[in-house]
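One letter stands for each residue in the lines below.
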Amino acid sequence: MYSEGNFFQIAQKSMKKLVLATCALLAIMMGLLCAGCQNELAPKPSTTKVYEFTSNPRILTDYKSPNNTGAEYTYVAFGDWPQTLKEKNVKIGSESLTRGGLLYELGSDGNYYVKQGRDYYKVEPIVWRVLNKEYATMGEALLLAEKILTGGIPYHVHTDDRTIEGAGTKAENPDIVIPNDYVYSTLRAWLNGKYESDDPQKNEYAEKGFLQTAFTHEAQKLITPTVIDNSGTSAIDVEKPLDEATDYACKTITDKIFLLSKQEATTECYGFAKEDESGDGNTRTRVTTDYAKATGELMTESRWWLRSPYNSQGGYGRVINKDGSSTINLVTTDYVGVVPALYIILQ
């Protein structure tokens with residue numbers, strides 16, 4: 001028989017077992033509930049689509065130009081370049097890639113960004129305006145960037161003449177290259193990622209120019225190498241007499257990326273007005289991207305380089321003002337913007 005003491009001992013042991021079992025059961029249930037909560041609150045795998053580079057030209061059917069030009073133009077998205085200031089809620093991650101001369105860092109929104117100064121700028125498709133409206137019958141379309149894409153690139157880095165054997169354009173000085181010679185300019189080197197092979201200056205843009213940065217390898221193959229006319233007549237208004245042609249012309253070259261000449265920038269069939277026409281509706285005007293503003297202190301002036309030299313002094317190059325008129329700037333000016341041009345077969 002159980003004594004009263006034994007009975008209470010057995011009861012206590014049974015109660016302890018029951019309490020322990022109950023606690024274990026509660027722990028299991030709480031664990032399951034917490035796991036459910038954790039699964040519900042845990043961040044889901046990211047489904048943000050990573051930016052795809054525009055290797056093939058795409059005609060835009062609903063593009064409205066910020067330059068207030070009419071719907072008579074065809075606009076094309078082709079290539080990629082940093083343009084718009086990053087929104088504050090976008091976080092820059094650790095994933096990145098190098099293209100040409102820029103480091104592209106992946107943001108939390110799936111877009112790539114390029115850092116300039118303290119800020120980041122969103123990489124976006126470059127929009128181009130087709131200048132030759134009859135491109136379908138001509139075989140190739142002449143594209144001009146619809147915005148000023150960058151500043152900080154002078155026409156040339158200094159105003160001194162250079163000595164390069166056989167590179168000069170004047171018979172009496174066959175080795176002298178003047179500062180506004182487009183062939184040996186900093187601008188041309190940056191646009192195409194190369195200097196002329198016999199130029200002794202530092203080749204800082206070798207394979208790191210606009211061509212290699214803005215376009216994938218596949219896209220680069222689509223751009224047509226173009227004969228660039230740098231004769232005296234290319235450097236004057238299309239209606240000016242030949243005897244006004246510049247004395248600072250340089251040799252003809254072949255490039256994939258180039259700047260317009262003064263003659264091209266006053267050609268009516270490209271939609272451009274005469275040299276002395278400016279103001280509202282002038283199709284030479286260009287807005288400046290956020291990135292371009294960040295690359296030059298005075299980029300709000302919205303000026304952009306032509307490839308043509310000034311016809312009176314070797315230290316000056318031709319420029320388009322914010323109102324579309326033509327002017328000049330010292331070749332070392334780094335706050336004039338760049339508006340690239342190229343030829344491409346467009347279906």
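Refer to the structure above for everything that follows.
The rules we used
- Residues numbered from 1 in each chain as written.
- Predicted model: local features only at pLDDT ≥ 70, side-chain atom pairs only at ≥ 80, totals over all residues.
- Heavy atoms only, no water.
- Phe/Tyr/Trp six-rings, centres within 6.5 Å; stacked < 30°, edge-to-face > 60°.
- Helix = DSSP H or I, 4+ residues; strand = E, 2+ residues; numbered from the N terminus.
- Buried < 20%, exposed > 50% of the residue type's maximum accessible area, 1.4 Å probe, protein only.
- Salt bridge = Lys/Arg side-chain N within 4 Å of Asp/Glu carboxyl O.
- Pairing = 2+ DSSP bridges.

A. Summary view of the packing of aromatic side chains. If you walk through the whole model with that rule in mind, you get 17 aromatic pairs. Their ring planes at 35° and their centres at 5.6 Å tell us that Trp190 and Phe210 sit as a pair that is tilted. Residue Trp190 is located in helix H3 (residues 186-192), and its partner Phe210 is located in helix H4 (residues 210-214); the two are separated by 20 residues in the primary sequence. Accessibility classification places Trp190 together with Phe210 in one group, the buried group. By way of ring pairs, the aromatic residues Phe78, Trp81, Tyr121, Trp128, Trp190, Phe210, Phe215 and Tyr291 are connected into one cluster.

B. Here's a closer look at the pattern of salt bridges. Evaluation of the coordinates by the stated rule reveals five salt bridges. Between Glu146 and Arg129 there is a salt bridge; the shortest N-O distance is 2.9 Å. Note that Glu146 is positioned in the loop between strand E7 (141-145) and strand E8 (147-148) and Arg129 in strand E6 (residues 119-130), a separation of 17 residues in sequence. Overall, Glu146 belongs to the buried group, its relative accessible area being 0%. Owing to a relative accessible area of 0%, Arg129 belongs among the buried residues under this scheme. In this structure, Arg307 and Glu264 form a salt bridge, with 3.0 Å as the shortest nitrogen-oxygen distance. With Arg307 in strand E14 (residues 304-309) and Glu264 in the loop between strand E12 (253-255) and strand E13 (287-288), the pair connects residues that are 43 residues apart, well separated along the chain. Per residue, the accessibility class of Arg307 equals that of Glu264, and both read buried. Connected via shared salt-bridge partners are Arg188, Lys194 and Asp255.

C. Broad picture of the pairing of strand E2 (residues 75-85). The buried fraction of E2 is high, at nine of 11 residues. Looking at chain direction, strand E1 (residues 58-60) and E2 are connected through three bridges and run antiparallel. Considered in E2, the bridge of Leu60 is made with Tyr75. Sheet topology note: the E2/E6 ladder contains eight bridges and is antiparallel.

By themselves, these are just geometric observations and shouldn't be taken as functional.
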